[in-house]
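Reading the structure
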Amino acid sequence: MPASHDAPLETLFLPFSSAGLRWPQGPVLFLRARDGWPLREHAAATQLVCAQSFRPFADALQRSGWQVCDEQALEQSQERYPVVLVLPPRQRDEARALFAQALAKLAPGGIIVACQANNEGARSGESDLQQLTGLGGKLTKNHCRAYWSVPADGQHDEALRKRWAALDAPRRIVDGRFLSRPGVFAWDRIDPASALLVDQLPTDLAGRGADLGAGWGYLSTEVLARCPKVTALDLYEAESRALALARHNLADAAGQVKLDFRWHDVTAGIDGRYDFVVSNPPFHTPAREDRPDIGRRFIAVAAQSLRPGGQLFMVANRHLPYEQILNESFGQVRVAAERDGFKVIVGTRGRA
């Protein structure tokens, strides 16, 4: 799933080749790391510690031999790094929290180097890092902006760092019904597409089901609340930060229904036979690359995982080109509802 041409990743390393920054001898921490040739070119002889919570990106890094750690392991580690690389997300609270984490992991005299695409919040990111640590320099290329801090000398605003570190902490949303946090999909609201899908779910769903791209658990919560004959539900989610929230949001149902929370890339296929599948599939990656092929793959995987006669209930933007793969994968396909630019589709797997 990682992009073949990753402009922010390529631009991130330019300060070391064209702006006079020195690549350190010691280990380097890379927050929101992505794999690509710049890592092999610049960091092949370095102990590079990659923090990545999105499963496809984490898998790609591991296949290339890089060390990948999760959020909890990074928080518990006492290691400090002379350089911390950051590919900040677009969501500003999450990005500020990431800068605060980078500063907390920085060794004395170390620097933070970050990069964003110009249309993904680069100017805001540069301004935020300058506010937190002071700005040591910047450069623009490939429609991206790379920028870096002054060497860490303990003179930063520690009170500001602590405030920013808490910006993406889990919190209650929707009148306290759910736990969520900035950076996950539809983090502070019920996504209208998912709400439309829930409105179309029949109450007689039964047996074992799967939620593909479960996010923080809204669809699964509603399935279990509305469909008392469901006996088991597997939640597949590529973003571990979201999956941890889903585990919390479905904790009350865990004693009544068999639940399985799977940090998994659905596009790689799933292992299971299901009576029904629900899904609000993504159509872009965390790198903001537009990828309607991800949704098409979700549909194919859902069809392969269903028992004969099993059904897929999915929602998508009305304009997305899913009709061909739906007709190829299912014996019957119907549009159950359309509203506000979304469509709910029900596909029934043939019995032959």
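Look up a bit, the structure's there.
Report on the accompanying structure. The structure presented is a predicted model; accordingly, all values stated were derived computationally and were not measured.

Moving on, we get to the packing of helix α6 (residues 92-104) against helix α8 (residues 158-165). The interhelical angle for the contact between α6 and α8, taken along N-to-C directions, is 125°, at an axis separation of 7 Å. The orientation of α6 relative to α8 falls into the category oblique. The two elements α6 and α8 cross, and the hand of that crossing is left-handed. On α8, the residues touching Arg 96, Ala 97, Ala 100, Leu 103 and Ala 104 of α6 are Arg 161, Trp 164 and Ala 165.

Time to look at the pairing of strand β7 (residues 144-149). β7 sits mainly inside the fold: 6 of its 6 residues count as buried. Covered by surrounding structure in β7 are Cys 144, Ala 146 and Trp 148 together with Arg 145, Tyr 147 and Ser 149, the residues of both alternating faces. Pairing geometry for strand β5 (residues 106-117) and β7, over 5 bridges, is antiparallel. When the sheet's bridge partners are listed, Ala 117 is paired in β7 with Cys 144. In this structure, the hairpin formed by strand β6 (residues 135-141) and β7 is closed by a connection of 2 residues, where Asn 142 is found at a positive phi of approximately 60°.

A few words now on empty space enclosed by the protein. Taken as a whole and assessed by the stated rule, the structure comprises 1 cavity of 30 Å³ or more. One number sums up the size of the largest cavity: a volume of about 30 Å³. Every residue along the wall of the largest cavity is listed here: Leu 212, Ser 279, Pro 281, Gly 295, Phe 298, Ile 299, Ala 302, Leu 312 and Met 314. Of all the secondary structure elements, the ones that give two or more residues to the lining of the largest cavity are α12 (292-305) and β14 (306-317). Of the residues belonging to the lining of the largest cavity, the class tally is 7 nonpolar, 2 polar and no charged.

As a further point, take the environment of Leu 306. Among the secondary structure elements, Leu 306 is positioned in strand β14. Ignoring sequence-local partners within four residues, the contact set of Leu 306 consists of Arg 273, Tyr 274, Asp 275, Phe 276, Val 277, Gln 311, Leu 312, Phe 330 and Arg 349.

Under the definition given, this model contains 9 aromatic pairs. Both rings, one in Phe 178 and one in Trp 216, keep their centres 4.9 Å apart while their planes meet at 55°; by these two values the pair is tilted. In this pair, Phe 178 sits in strand β9 (residues 178-180) while Trp 216 sits in the loop between β10 (206-212) and α10 (218-226), placing the two residues 38 residues apart along the sequence. Relative to Tyr 218, the ring of Phe 178 lies with its centre 6.0 Å away and its plane at 80°, an arrangement referred to as edge-to-face. Taken together, the positions of Phe 178 in strand β9 and Tyr 218 in helix α10 put the pair 40 residues apart, joining distant regions of the chain. Considered together, Phe 178 and Tyr 218 belong to a single accessibility category, that of buried residues. Through successive ring pairs, a cluster of aromatic residues spans Phe 13, Phe 16, Trp 23 and Phe 30. Positioned above the aromatic ring of Trp 263, the side-chain terminus of Arg 55 is 4.5 Å from the ring centre.

Per the counting criterion, the structure on display carries 26 salt bridges. The salt bridge involving Arg 318 is made with Glu 338; its shortest N-O contact spans 2.9 Å. Here Arg 318 is found in the loop between β14 and α13 (323-329), whereas its partner Glu 338 is found in strand β15 (residues 332-339), with 20 residues between them in sequence. Among the residues examined, Arg 318 registers a relative accessible area of 41% and is labelled partly exposed. One salt bridge connects Arg 339 with Asp 340, and the closest N-O pair in it is separated by 3.8 Å. Judged by relative accessible area, Arg 339 falls into the partly exposed class, the value being 36%.

This part covers the sheet that holds β7. Ordered by their spatial adjacency, 7 strands build an open sheet running β3-β2-β1-β4-β5-β7-β6, and the pairing between neighbours is mixed. The sheet terminates laterally at β3 (67-69) and β6, the two strands that pair on one side only. Taking the axes of each pair of neighbouring strands and ignoring which way they run, one obtains an average angle of 20° across the sheet. Pairing of β6 with β7, which is carried by 6 bridges, proceeds in the antiparallel orientation. Among the inter-strand pairings, Gly 137 is bridged to a residue of β7, identified as Trp 148.

Spatial strand order, β12-β11-β10-β13-β14-β16-β15: 7 strands in an open sheet with mixed pairing. The open sheet has two edge strands, β12 (258-263) and β15, and neither has a second partner. Across the sheet, the axes of successive neighbouring strands diverge by a mean angle of 15°, strand direction being ignored. As judged from the 4 bridges shared by β10 and strand β13 (residues 274-279), these two strands associate in the parallel manner. Note on β13: the bridge partner recorded for Gly 209 is Phe 276.

Definitions and cut-offs
- Residues numbered from 1 in each chain as written.
- Predicted model: local features only at pLDDT ≥ 70, side-chain atom pairs only at ≥ 80, totals over all residues.
- Heavy atoms only, no water.
- Axes fitted to C-alpha atoms, helices over the stretch in contact; angles between N-to-C directions.
- Helix = DSSP H or I, 4+ residues; strand = E, 2+ residues; numbered from the N terminus.
- Parallel < 35°, antiparallel > 145°, perpendicular 65-115°, else oblique.
- Left-handed = near helix turned anticlockwise from the far one by under 90°.
- Contact = heavy atoms within 4.5 Å.
- Buried < 20%, exposed > 50% of the residue type's maximum accessible area, 1.4 Å probe, protein only.
- Pairing = 2+ DSSP bridges.
- 1 Å grid on protein atoms, 1.4 Å probe; cavity = no way out; pocket = protein on both sides within 12 Å on 5 of 7 lines; lining within 4 Å.
- Points joined across faces, edges and corners; volume = space filled by probe spheres on them.
- Nonpolar A, V, L, I, M, F, W, Y, C, P; charged D, E, K, R; others polar.
- Phe/Tyr/Trp six-rings, centres within 6.5 Å; stacked < 30°, edge-to-face > 60°.
- Lys NZ or Arg CZ within 6 Å of the ring centre and 35° of its normal.
- Salt bridge = Lys/Arg side-chain N within 4 Å of Asp/Glu carboxyl O.

It is worth stressing that arrangement in space is one thing and function is another; only the former is reported here.
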